[in-house]
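# Examination of the molecular architecture
Okay, here's what each chain looks like letter by letter:
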Amino acid sequence: MMGIIQTKDFGIRYGEKIVLSHANIDVPAGRFFAVLGENGAGKTSFVKSIIGENQQTEGDLQLNATRVGFVPQFRDITRDYPLNIAEFVALNYNKGWRLWLNTQEKMAVQSALELMDLSDMRDKRLGLASGGQKQRAFVAQALVQKPDLLILDESTASLDHEHKVQLLQAVKQLQKQQQLTVLFITHELELVSQFADGYLFFEKGHVTQGTVDELQSLTMKMTHRHALDEVRHV
Ligand SMILES: Nc1ncnc2c1ncn2[C@@H]1O[C@H](COP(=O)(O)OP(=O)(O)OP(=O)(O)O)[C@@H](O)[C@H]1O
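On a predicted model such as this, the values are computed, not experimentally measured, just so you know. (Residues numbered from 1 in each chain as written. Predicted model: local features only at pLDDT ≥ 70, side-chain atom pairs only at ≥ 80, totals over all residues.)

### Some points on the overall build of the chain
Formally: Here a helix means four or more residues in a row that DSSP labels H or I, a strand means two or more in a row labelled E, and each is numbered from the N terminus. Restricting the calculation to C-alpha atoms gives the radius of gyration, and the globule rule supplies 2.2 Å times the number of residues raised to the power 0.38. Any residue with 12 or fewer other C-beta atoms within 10 Å of its own C-beta is exposed, any with 20 or more is buried, and the rest are partly exposed; the C-beta atoms used are placed from the backbone. What counts as a contact is two residues whose backbone-derived C-beta atoms lie within 7 Å of each other.
Looking only at helices and strands, the chain has 7 helices and 10 strands in total. Radius of gyration (C-alpha) of the chain: 19 Å, near the 17 Å computed for a compact globule of 234 residues. Each of the 234 residues in the chain was classed as buried or not, and the buried ones make up 33%. Considering only contacts within the chain whose residues lie at least 6 apart along the sequence, 70% involve residues at least 24 apart.

And the structure:
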């Protein structure tokens, strides 16, 4: 099977600063990949290259996806933002010229809202929603367009535990049922290792790709290291 994201000697640099070099990865279609690495390791720069928002690259990056859904880490939604949650989720359907939705589109919006546990809040103004509710609305909006590649940048960071698990379960379900490929950028290694089939690990200008088994041992190692750090800091 052809990989959905393939790179050959791929690199990213901002002027003199080399963020990534000689990246050789091959993400198979239909898998759930955790994207890991410390702050500033280059995770966001890499996914921006995938969606064509970062041109400061060298080498080869091949993308074999038709529709890519990207949920960025931050989005500026102020309190006076006028749309309600359902309207926001449906935004891709009415690009300013059409204010109504057909039945099929309404159903797609409804099912995305249900998946993200937002049906009860569909009429709530997005500007007045909590951080976690907004984050779930962003994911729902990305799901409506039925992407074959979904990229989530720390989408669980502001959620309570129950909604973290719920979001991961919903995405996992779509991955299995609809052959969705998922790239999930996160610092929550333990949580994501229960859902991922593999990982990309960004460290010191390089990226390594690993299997689910390697992810488990990486999680153990990191958790152990973290525990040791905590002991040291006492
Ligand atoms: N447009 C830019 N111009 C110059 N430097 C940049 C730009 N974008 C990112 N960088 C730098 O590139 C490095 C990688 O940043 P990036 O945001 O990709 O990291 P990250 O792994 O996503 O980090 P985090 O976990 O904090 O989100 C950082 O040192 C950052 O300061």
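### Digging into the site of the ligand
What counts here: Placing the C-beta atom from the backbone, one calls a residue near a molecule or strand if that atom lies within 6 Å of it. Think of it as three bins: nonpolar holds Ala, Val, Leu, Ile, Met, Phe, Trp, Tyr, Cys and Pro, charged holds Asp, Glu, Lys and Arg, and polar takes everything else, Gly as well.
The environment of the ligand is made up of Y14, K17, V19, G37, N39, G40, A41, G42, K43, T44, S45 and F202. Contributions of two or more residues to the shell around the ligand are made by β2 (17–23) and α1 (43–50). Ranked by the residues each element gives to the shell around the ligand, the list is headed by α1, at 3 residues. A breakdown of the residues in the shell around the ligand according to their chemical character gives 4 nonpolar, 6 polar and 2 charged.

### As for the nonpolar core
Note the threshold: Remark: nonpolar core denotes a set of buried Ala, Val, Leu, Ile, Met, Phe, Trp, Tyr and Cys residues whose joining runs through C-beta atoms within 7 Å. An automatic or database domain assignment is the source of the domain bounds shown.
Within the largest apolar cluster, 59 residues are counted, with the highest numbers of intra-cluster contacts made by F33, V89, A112, A140 and F184. Element by element, the count of residues in this core is highest for helix α4 (residues 131–144), at 7 residues. The two domains that each donate at least three residues to this core are domain 1 (1–67 + 148–234) and domain 2 (77–146). Residues within four places of F33 in sequence aside, it is in contact with V27, V182, L183, F184, A196, D197, G198, Y199 and L200.

### Structural notes on the domain arrangement of the chain
One frequent convention defines the size of an interface as the accessible area lost when the parts assemble. Taken as a whole, the chain is organised into domain 1 (1–67 + 148–234) and domain 2 (77–146). The gap between the C-alpha centroids of domain 1 and domain 2 is 26 Å. Of all the secondary structure elements, the ones that give two or more residues to the side of domain 1 that touches domain 2 are β7 (149–153) and α5 (161–178). When residues of the side of domain 1 that touches domain 2 are assigned to their parent elements, the largest contribution, 4 residues, is made by α5.

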